[in-house]
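Structural description and commentary
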Amino acid sequence: MRSTIQPPDYKIAIIGSGPSGCFLAEILALKRPDLQIDIYERLPHPFGLAVSGVAPDHLHTRKVTEQFARTLARDNVNLICNTEVGSSISYSELKQRYDRVVFATGASEDRRLGIPGEHLPGIYGSGRFTRWYNNHPESSQFTPLIGQRVAIIGNGNVALDIARVLAKTAAEHQTSALSEPVRTHLAKNHIREIHILGRRGPADASFSVAELTELSTLAQAESILHQPYWME
Ligand SMILES: Cc1cc2nc3c(=O)[nH]c(=O)nc-3n(C[C@H](O)[C@H](O)[C@H](O)COP(=O)(O)OP(=O)(O)OC[C@H]3O[C@@H](n4cnc5c(N)ncnc54)[C@H](O)[C@@H]3O)c2cc1C
């Protein structure tokens, strides 16, 4: 005798439509087609830092959003934009409506270093700065002070992204996803020197080789490696 009992329709809410939320939705949709998956996103558009972090001249990396778009097009996956959990809708409301609630909200705040002067004009966390050149909706009122000599603190790929975006010429940026105001602001600052500062030596830097090599291919930028001051 066939059972008339249907498998339960589970409903899952995922908060955040960045890579974590989209990869999770994809796996769940594949493994459990009976699930209804609703993804809540506070911004007007999905994909999180895959579009507003990943550098505007690395369009090949941003192509991962094409894969995420296929996930969002699945019948049992639903994207709800302009909805911030915590203000537009509360966690307790979600808990009543869904069987499971998963937070995939990323890291939206720059970490403070707690050093004197970090609140002064012209000093920005990398998140704020990269959101500006990536046209993040929450950066529309912000234009950074740049000037001709820029210091970037930190020895990771985000430092290299920023250095490269600042060092590229307008011609090199022709294929980048930069808005016109960002292009104009970069050009009018006539940046001459970019210093990347790390607290340890080159062996401890966490650059990836491809990103570091890319710096040596720029049209009008020369890379100079200084010895750590204690070795001079
Ligand atoms: C400058 C920069 C460059 C990078 N370059 C690369 C790269 O080249 N290659 C690479 O692999 N990785 C890169 N990364 C890392 C990559 O972007 C992150 O690892 C990845 O985006 C993290 O995904 P996530 O989904 O956890 O968070 P996020 O991408 O931050 O997504 C979180 C989402 O949640 C939403 N959200 C937050 N709070 C709420 C709320 N309360 N309600 C509803 N929605 C909410 C946010 O709006 C956002 O859309 C870079 C990161 C940065 C900052």
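Residues numbered from 1 in each chain as written. Predicted model: local features only at pLDDT ≥ 70, side-chain atom pairs only at ≥ 80, totals over all residues. Heavy atoms only, no water.

Digging into the confidence of the model for the protein chain
The predicted structure's coordinates, where accompanied by low pLDDT, should not be read in detail. Going by this rule: A residue's pLDDT is the confidence the predictor assigns to it, expressed on a 0 to 100 scale. Throughout, a contact is declared for two residues whenever any of their heavy atoms are within 4.5 Å.
Confidence in the prediction of the protein chain, expressed as mean pLDDT, is 93, and 95% of residues score 70 or more. Segment residues 1-6: pLDDT under 50, and 0 contacts once partners within four positions in sequence are set aside and those in other chains are kept.

Some remarks on the side chain of Arg131
This is how it is decided: Numbering of helices and strands runs from the N terminus; a helix is a DSSP stretch of H or I covering at least four residues, while a strand is a stretch of E covering at least two. Three labels apply to residues, based on accessible area from a 1.4 Å probe with only protein chains included: buried if under 20% of the type maximum, exposed if over 50%, partly exposed otherwise in between. In this tally Asp and Glu are treated as negative and Lys and Arg as positive; neither His nor the chain ends contributes. Note on definitions: salt bridges are taken to be side-chain nitrogens of Lys or Arg within 4 Å of carboxyl oxygens of Asp or Glu.
Turning to its location among the elements, Arg131 is positioned in helix α6 (residues 126-133). We note that Arg131 is buried and unpaired, the nearest opposite charge coming from Asp110 at a distance of 4.5 Å. In this structure Arg131 touches Ser52, Ser108, Asp110, His136 and Ser139, once residues within four positions along its chain are discounted.

Details of the site of the ligand
Note the following rule: Here a residue is considered near a molecule or strand provided that any single heavy atom belonging to it is located within 4 Å of it. In protein, a polar contact requires one atom able to donate a hydrogen and another able to accept it; more generally it is a pair of N or O atoms within 3.5 Å, and residues adjacent in sequence count only if both atoms are side-chain atoms. Residue exposure ignores everything except the shown protein chains as possible cover, and the areas themselves are Shrake-Rupley values with a 1.4 Å probe. All residues other than Ala, Val, Leu, Ile, Met, Phe, Trp, Tyr, Cys, Pro, Asp, Glu, Lys and Arg, Gly among them, are scored as polar; the first ten of these are nonpolar and the last four charged. An automatic or database domain assignment supplies the residue ranges for each domain.
The local shell around the ligand holds 25 residues, among which Ser20, Glu41, Arg42, Leu49 and Val85 are the closest. Here Glu41 contributes a side-chain N or O atom positioned 2.6 Å from an oxygen atom of the ligand. Arg42 places a polar main-chain atom, nitrogen or oxygen, 3.1 Å from a nitrogen atom of the ligand. In the complex, 73% of the free accessible area of the ligand, which totals 1,000 Å², lies under the protein chains. Only α1 (19-31), α2 (49-52) and α7 (157-167) provide two or more residues apiece to the shell around the ligand. Residue composition of the shell around the ligand, by class: 10 nonpolar, 11 polar and 4 charged. Of the domains in this structure, domain 1 (11-103) and domain 2 (126-231) are the two that each give at least three residues to the shell around the ligand.

Some remarks on the domain arrangement of the protein chain
For the record, the criterion: As a working definition, buried area equals the accessible area (1.4 Å probe) given up by two parts on being put together, with both sides summed.
Split into domains, the protein chain comes out as domain 1 (11-103) and domain 2 (126-231). Distance between the C-alpha centres of domain 1 and domain 2: 30 Å. Contacts between the two partners involve 14 residues from domain 1 and, on the opposite side, 17 residues from domain 2. Carbon and sulfur atoms supply 51% of the area that domain 1 and domain 2 bury against each other, a total of about 1,100 Å² over both sides. Of all residues in domain 1, the largest losses of buried area upon contact with domain 2 belong to Ser52, Pro56 and Asp57, amounting jointly to 45% of the total for that side.

Concerning unusual backbone geometry
With a phi close to 55 degrees, Asn135 is a non-glycine residue in the positive phi region. Relative to the assigned elements, Asn135 resides in the loop between α6 and β5 (149-153). Classification of Asn135 as partly exposed rests on a relative accessible area of 38%. Positive phi outside glycine occurs at His190, with the angle close to 45 degrees.

Some thoughts on the layout of surface pockets
Here is the rule we go by: Of the grid points, spaced at 1 Å and generated over the protein atoms alone, those admitting a 1.4 Å probe that cannot get out make up cavities, while open sets with protein on both sides within 12 Å along at least five of seven lines make up pockets; any residue with an atom within 4 Å of a point is treated as lining. Grid points are joined across faces, edges and corners, and a volume is the space filled by probe spheres set on the points.
There is about 1,400 Å³ of room inside the second largest pocket. Around the second largest pocket sit 44 residues that line it, and Ile194, His195, Ile196, Ser223 and Ile224 are the ones nearest its centre. Residue assignment for the lining of the second largest pocket shows that the elements contributing at least two residues are α7, α8 (180-188), β6 (193-197) and α9 (209-215).

Observations regarding the environment of Ala29
By the element assignment, Ala29 lies in helix α1. For the pair formed by Ala29 and Ala221, sequence separation is 192 residues and the distance between their alpha carbons is 47 Å. Excluding its chain neighbours within four sequence positions, the residues that come into contact with Ala29 are Ile37, Arg74, Asn76 and Val77.

Section: the sheet that holds strand β1 (residues 11-15)
Rules: Strands pair, by our definition, only if DSSP identifies at least two bridges between them. Note on definitions: angles span 0 to 180 degrees between N-to-C directions of axes, and those axes are lines fitted to C-alpha atoms, for helices only across the stretch in contact.
Judged by pairing direction, the sheet is parallel, and its 4 strands sit side by side in the order β3-β2-β1-β4 without closing on themselves. The open sheet terminates on both sides in strands that have one partner only, identified here as β3 (77-80) and β4 (100-103). Averaged over all pairs of adjacent strands, the angle between their axes in this sheet comes to 20 degrees, without regard to strand direction. Both β1 and β4 contribute to a ladder of 4 bridges, which runs parallel. Bridge pairing in β4 links Ala13 to Val101. On top of the sheet, α1 reaches β1, β2 (36-40), β3 and β4; it is set at about 175 degrees to β2, its chief contact.

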